[in-house]
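Topology and contacts: notes
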Amino acid sequence: MKPPTNLDQLKISALLLLLVAFVSSAAAQQTPDKKPEKKPGFVWTIKTRPILNLSLKAEKASMAEVAHALSERLKIPVFLGPERQKELITIEFSELTLEPALQLMSPIVYVDYELDTGSSNPPKALGIYFFDQNQGEPPASAVVSGSNQTLLVEGNTEDGVESDSDEAKQKQEEQPLRVQYENNVLTVKAKKQPLPVILLKIGEELGIPVDIQNERLDPIDADISKLPIEDVVRQLSPNIKLFYRADLTRAEKRALRLVLAEPAKNAQQGP
């Protein structure tokens, strides 16, 4: 057997180089370069049963990303003030209900709610606001809006006249409908008054729009003294929707809109 010549050795070397190149190319195609995935610096855990509760663990996480994830999980808008959008937060809490959890995340928090008096469920959150110091309150129609509004038209022969006499006070107390709002509580005294009229009078007293979708004029009586608006509407009818805003910083609530809806179909069916 002849020993390999220089030409044979060159051919073998060339074949080996081609084989190495082929194997490298195949390996590169099978295992493409993977960029490391960027993991968020926070973890939300949100449970809805038996009641809504939230858990959050964040380490120097973007407040904007944390809020966006919360919005997606709750399926409601979450708004941030300009400074809050740039903020990094480090926080950890476990199984808190909505409002205590939100208060830990921001010094200024508002939540808009819808209360359905015909439902046993708690009020439904419609929007959350994490605002900056001195930013001011969000617009009333930020998430609560409506195109319909009914106006109350009434006459009073003594408009602009106030009297502290016992006779005037007695006359006022004998009026068939009296609504008074002071110190965040509402008093409603009604004798044989249509519910739409009562709600319109409440809206006038609170300075909020009222949408009357159910115009049944069956008169009702009401004797409610110094209760929050949400308790008042629960006592008046199961067909009312109250939209209100909770200012968690000041522990205050403010009504935004009232709607008198049509009764549910099963509620309209008689025996």
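Each remark here, short or long, concerns the structure printed above.
Note that the structure is predicted; figures quoted are calculated from it, not measured.

Quick notes on the packing of aromatic side chains
Scanning all chains against the criterion turns up five aromatic pairs. Geometrically, the ring pair formed by W44 and F93 is edge-to-face, given 6.3 Å between the ring centres and 65 degrees between the ring planes. Of this pair, W44 sits in strand β1 (residues 42-47) while F93 is found in strand β4 (residues 88-96), placing the two residues 49 residues apart along the sequence. The burial state of W44 is the same as that of F93; both residues are buried. Plain terms: the ring middles of Y129 and F131 are 5.8 Å apart, the flat faces sit at 85 degrees to each other, and that makes the pair edge-to-face. Cluster of aromatic residues (ring-pair linked, three or more members): F79, Y110, Y129 and F131.

Details of unusual backbone geometry
Glycine aside, residues mostly have negative phi angles, and peptide bonds mostly take the trans form. Of note, the bond from R49 into P50 is cis; its omega dihedral lies within 30 degrees of zero at 0 degrees. Note that P50 resides in the loop between β1 and β2 (53-62). In this structure, N183 takes a positive phi of about 55 degrees despite not being glycine. Here N183 lies in the loop between β7 (177-182) and β8 (185-194). One non-glycine residue with positive phi stands out, namely N184, at about 65 degrees. Mapped onto the elements, N184 comes out in the loop between β7 and β8.

Rules of the game
- Residues numbered from 1 in each chain as written.
- Predicted model: local features only at pLDDT ≥ 70, side-chain atom pairs only at ≥ 80, totals over all residues.
- Heavy atoms only, no water.
- Phe/Tyr/Trp six-rings, centres within 6.5 Å; stacked < 30°, edge-to-face > 60°.
- Helix = DSSP H or I, 4+ residues; strand = E, 2+ residues; numbered from the N terminus.
- Buried < 20%, exposed > 50% of the residue type's maximum accessible area, 1.4 Å probe, protein only.

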